[in-house]
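Observations on chain architecture
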Amino acid sequence: MELTVYLAGQIHDDWRNELKEKARQKDLPLHFVGPQENHERSDNIGEDILGEQPNSIHRDDAASSINNFRTEVLLQKSDAVIALFGEKYKQWNTAMDASAAIQLKKPLILIRPESLVHPLKELSNQANVTVETIDQALEVLAYIFE
């Protein structure tokens, strides 16, 4: 059995690569999907497909609709979702993806540091499991295969 795991979270550092490498080292049968990690591609996809937009608001709206379509398809095909909240970046997209996972009844592992317990308390309460580290999230997934 292989699980498809959607990795929700900011795209500005290599946390996904760290998680994927640790999963590989544990020999976990996991396939990973997630948001478009090329920030420029994500921002430009609306105009790349629909053509030049009249202003930045329409440009963002066009990109958003296509990115949301991509996210919904990948979330629906996923067996589980890991949503990582970190200290450094604003996490609006992560919160939206985690909320969508909850609405789709996808099992959700929320990773958040202790400093974000209060701002994420409601979301954490809706997640299946809340942990503080990537290693802990992988241990939750590894437990499925025992």
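All of the points below concern the structure found in this document. (Residues numbered from 1 in each chain as written. Predicted model: local features only at pLDDT ≥ 70, side-chain atom pairs only at ≥ 80, totals over all residues. Heavy atoms only, no water.)

1. Section: the nonpolar core
The nonpolar side chains of a soluble globular protein tend to be buried with one another. For clarity, the cut-off: We define the nonpolar core as a collection of buried residues of types Ala, Val, Leu, Ile, Met, Phe, Trp, Tyr and Cys that are connected through side-chain atoms lying within 4.5 Å of one another. In this scheme, a residue with accessible area under 20% of its type's maximum is buried, one over 50% is exposed, and one in between is partly exposed, where area comes from a 1.4 Å probe on protein chains only. Numbering goes from the N terminus for both helices and strands, where a helix is a DSSP run of H or I of at least four residues and a strand is a run of E of at least two. Contacts: residue pairs with any heavy atoms within 4.5 Å of one another.
Grouped together as the largest cluster of nonpolar side chains are 19 residues, with contacts concentrated most on L19, L30, I82 and L138. Sorting the residues of this core by element identifies strand 1 (3–9), helix 1 (15–25), strand 2 (30–33), strand 3 (80–84), strand 4 (108–111) and helix 6 (134–144) as the ones contributing at least two each. Of all the elements, helix 6 adds the most residues to this core, at five residues. With residues up to four places along the chain from it excluded, the contact list for L19 reads L7, F32, I82, I134 and L138.

2. Here we look at helix 3 (residues 56–77)
Every α-helix carries 3.6 residues per turn, so stepping three or four residues along brings you back to the same face. Short version of the rule: Here the expected span of a helix is defined as 1.5 Å times the quantity of residues minus one. In the analysis that follows, any N or O atom pair within 3.5 Å is treated as a polar contact, provided that within protein one partner can donate a hydrogen and the other can accept it, and provided that, for residues neighboring in sequence, both atoms belong to side chains.
Along its 22 residues, helix 3 runs 32 Å from first to last C-alpha, staying within 8% of the 32 Å computed at 1.5 Å per residue. For helix 3, the set of buried residues is A62, A63, N67, T71, L74 and L75. Where helix 3 starts, the residue carrying a side-chain oxygen 3.1 Å from the main-chain nitrogen of I57 turns out to be N55.

3. Structural notes on the pairing of strand 1
This is how the line gets drawn: Here a strand pair is declared whenever DSSP counts at least two bridges between the two strands. Whether a crossover is right-handed depends on one test, that the path from the first strand over the helix to the second runs clockwise when the strands point away from the viewer.
Of all seven residues that make up strand 1, seven are buried, and the element is covered over most of its length. Of the two faces of strand 1, the one holding L3, V5, L7 and G9 and the one holding T4, Y6 and A8 are both buried throughout. In terms of strand pairing, strand 1 meets strand 2 through four bridges, oriented parallel. Note on strand 2: the bridge partner recorded for T4 is H31. Handedness of the crossover is the feature at issue here: the chain leaves strand 1, passes through helix 1, returns alongside strand 2, and the resulting connection is right-handed.

4. Looking at the packing of helix 1 against helix 6
So the rule is basically this: Angles run from 0 to 180 degrees between N-to-C directions of axes, and those axes are lines fitted to C-alpha atoms, restricted for helices to the stretch in contact. In this scheme, roughly parallel covers angles under 35 degrees and roughly antiparallel covers those over 145, while 65 to 115 is roughly perpendicular and the rest are oblique. Crossing handedness is defined as follows: a turn of the near helix away from the far one that is anticlockwise and smaller than a right angle gives a left-handed crossing, while the clockwise case is right-handed. In this classification, Asp, Glu, Lys and Arg are treated as charged, Ala, Val, Leu, Ile, Met, Phe, Trp, Tyr, Cys and Pro as nonpolar, and every other residue, Gly included, as polar.
Axis separation between helix 1 and helix 6 bottoms out at 10 Å; the angle between their running directions is 45°. With respect to helix 6, the element helix 1 is oriented oblique. Relative to helix 6, helix 1 is oriented so that their crossing is right-handed. Note on element contacts: helix 6 touches helix 1 through I134, D135 and L138, opposite W15, E18, L19, K22 and A23. A per-class count over the contact of helix 1 with helix 6 returns five nonpolar, no polar and three charged.

5. Concerning unusual backbone geometry
Positive phi is not limited to glycine here, since D27 has a value of about 60°. Residue position: D27 is located in the loop between helix 1 and strand 2. The backbone of K105 shows a phi angle near 60°, a positive value even though the residue is not glycine. Positionally, K105 belongs in the loop between helix 4 (92–103) and strand 4. According to the relative accessible area criterion, K105 is exposed, its value standing at 72%.

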